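Here's the letter readout for the chains.
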Amino acid sequence: MREKRLFCVVPCYNEEEVLPETSSRLKRKVNELIQQGLVSQDSRIVFVNDGSKDATWSIISRLHEEDEIFQGINLSRNRGHQNALLAGLMTVKSICDMAISLDADLQDDIDAIDEMVKKYHEGIDVVYGVRSSRQTDTFFKKATAEGFYKLMNAMGANTVYNHADYRLMSKRALEGLAQFGEVNLFLRGIVPMIGYPTDVVYYERAERFAGESKYPLKKMLAFATEGITSLSTQPIKMITGLGFFIFFVSIAVLIYCLVRYFNDQTIPGWTTTVLSVWAIGGLIMISLGIIGEYIGKIYLETKSRPRYIIESYLKDDKDNVDLVDHIN
Ligand code: UDP
Ligand code: MG
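What you are looking at is a predicted structure, and each value in this text was computed from that prediction instead of being measured. (Residues numbered from 1 in each chain as written. Chains lettered and ligands numbered in written order. Predicted model: local features only at pLDDT ≥ 70, side-chain atom pairs only at ≥ 80, totals over all residues. Heavy atoms only, no water.)

Trainee: Would you mind going over the site of ligand 1 with me for this structure?
Mentor: Neighbouring ligand 1 are 19 residues, the closest being Glu 15, Asp 50, Asp 105, Ser 213 and Lys 214. A distance of 3.4 Å separates a nitrogen atom of ligand 1 from a polar backbone atom of His 81. One nitrogen or oxygen atom from the side chain of Asp 105 is found 2.5 Å from an oxygen atom belonging to ligand 1. Here ligand 1 has 540 Å² of accessible area as a free molecule, and 95% of this is covered by the chains. (Near = heavy atom within 4 Å. Polar contact = N/O pair within 3.5 Å; in protein donor to acceptor, adjacent residues only side chain to side chain. Areas by Shrake-Rupley, 256 points an atom, 1.4 Å probe, with all protein chains shown as cover.)

Trainee: Looking at this structure, I do not really get helix α8 (residues 217-231). What am I missing?
Mentor: In this model α8 runs 21 Å from its N-terminal to its C-terminal C-alpha over 15 residues, within 8% of the 21 Å that 1.5 Å per residue would give. Every buried residue belonging to α8 is among Met 220, Phe 223, Ala 224, Gly 227, Ile 228, Thr 229, Ser 230 and Leu 231, and all of these are buried. (Helix = DSSP H or I, 4+ residues; strand = E, 2+ residues; numbered from the N terminus. Expected span 1.5 Å × (residues − 1). Buried < 20%, exposed > 50% of the residue type's maximum accessible area, 1.4 Å probe, protein only.)

Trainee: I keep staring at the coordination of the magnesium ion (ligand 2) and nothing clicks. Help me out?
Mentor: For a metal bound by four donors in a tetrahedral arrangement, the ideal donor-metal-donor angle is 109.5 degrees, while six donors in an octahedral arrangement ideally sit at 90 or 180 degrees. Only Asp 105 (OD) and Gln 107 (OE1) from the protein reach the magnesium ion (ligand 2) as donors, at distances of 1.9 Å. Gln 107 shares its class with Asp 105; the two are buried. (Donors = N, O, S within 2.8 Å, 3.2 Å for Na, K, Ca; no water.)

Trainee: What am I meant to see in the side chain of Ser 170 here?
Mentor: Considering the arrangement of structural elements, one finds Ser 170 in strand β6 (residues 163-170). Only 2.6 Å separates the side chain of Ser 170 from the side chain of Asp 125, close enough to count as a polar contact. Excluding anything up to four places from it in sequence, Ser 170 contacts Asp 97, Met 98, Tyr 120 and Asp 125. (Contact = heavy atoms within 4.5 Å.)

Trainee: What exactly am I supposed to notice about the pairing of strand β5 (residues 126-133) here?
Mentor: Two faces belong to every sheet, and in a regular strand the side chains alternate between them. Of all the eight residues making up β5, seven are buried; the element is thus mostly covered by neighbouring parts of the structure. When β5 meets β6, the two strands line up antiparallel, connected through four bridges. By the bridge assignment for β6, Tyr 128 is matched with Arg 167. Bridging between β5 and strand β7 (residues 198-204) involves seven bridges; their strand directions are parallel. The residue bridging Val 127 from the neighbouring strand is Asp 199, located in β7. (Pairing = 2+ DSSP bridges.)

Trainee: What's the story with unusual backbone geometry in this structure? I'm lost.
Mentor: Peptide bonds are, in most cases, trans, and in most cases residues other than glycine have a negative phi. Positioned with a positive phi, Asn 14 is a non-glycine residue whose angle comes to about 50 degrees. Of note, the phi angle at Tyr 196 is positive, near 70 degrees, even though the residue is not glycine. For Tyr 196, the location among the structural elements is in the loop between α7 (187-194) and β7. Take Tyr 196: its relative accessible area is 40%, and that puts it in the partly exposed class.

Shown next as structure tokens:
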């Protein structure tokens, strides 16, 4: 049996503080796997520099020079976590047998990699890393993150609960992913749509050991909106439902008014009139806003812009890869 080549894909945005530690821990892990014969000798760790403003890229370049186990992909500018991850995965898909995506801060326990790789050998194509608890997160982070998953599912964007982007994907799952030509990319929602055998590995989430979170509340809310509007049309259905509800209420109000009118009980209803104008106005604006979100998405999708542009790839000489994002 030919040995299977593993690529660990790590998006990095201003991660100079964590990279030295992350790279040595990951190297140890991959070497262990190589020794156990679970992955091939030429397995690699790829850091994707997402337009960092600090020394991240020079650290990656140095790592690559010192040890060929490290590779680097330099994006032309900051494109966000999801696009950086996609750039890495799509670049290595033709030369790997499996790829594991994980964050640079190693909050996701790398010891789960062993089990992921074992599951791959059992024939599983997508192995999700799922956090079994969030004890190390602050109360605020925990509450907002859990609210995020609940909101996503309630809105029709089905995601794996407590799974971030720590997962193993086989080559054919990556090829499946490549066929999703969406510009508004939300990997957590798209990967389950690929299909193939899937499984879950549980791990404890650790604390970020250096640097700070690049996902403040504002980014997280933007991420949730992105996820919902790019995956589901549930909000539109909810608006339709609300429209029907208000329609029936207004019929009831109309009957009520007619009864009062014919009984000569009409009152100068200034307050109610003004209030209802505001209420309806507000509802219309909310609806228009949500519909606008979707129209904005359609606008962007029709352009088929590339989701990332790679400036350079520090790779093995023997590997031939395509660096262009062939969207569709
Ligand atoms: N990241 C990125 N581009 C960005 C923001 C973040 O590539 O614009 C990377 C970051 O370097 C890290 C991962 O995405 O490897 C997750 O970010 P972070 O740990 O800050 O998120 P959190 O764990 O707090 O949700
Ligand atoms: Mg993190």
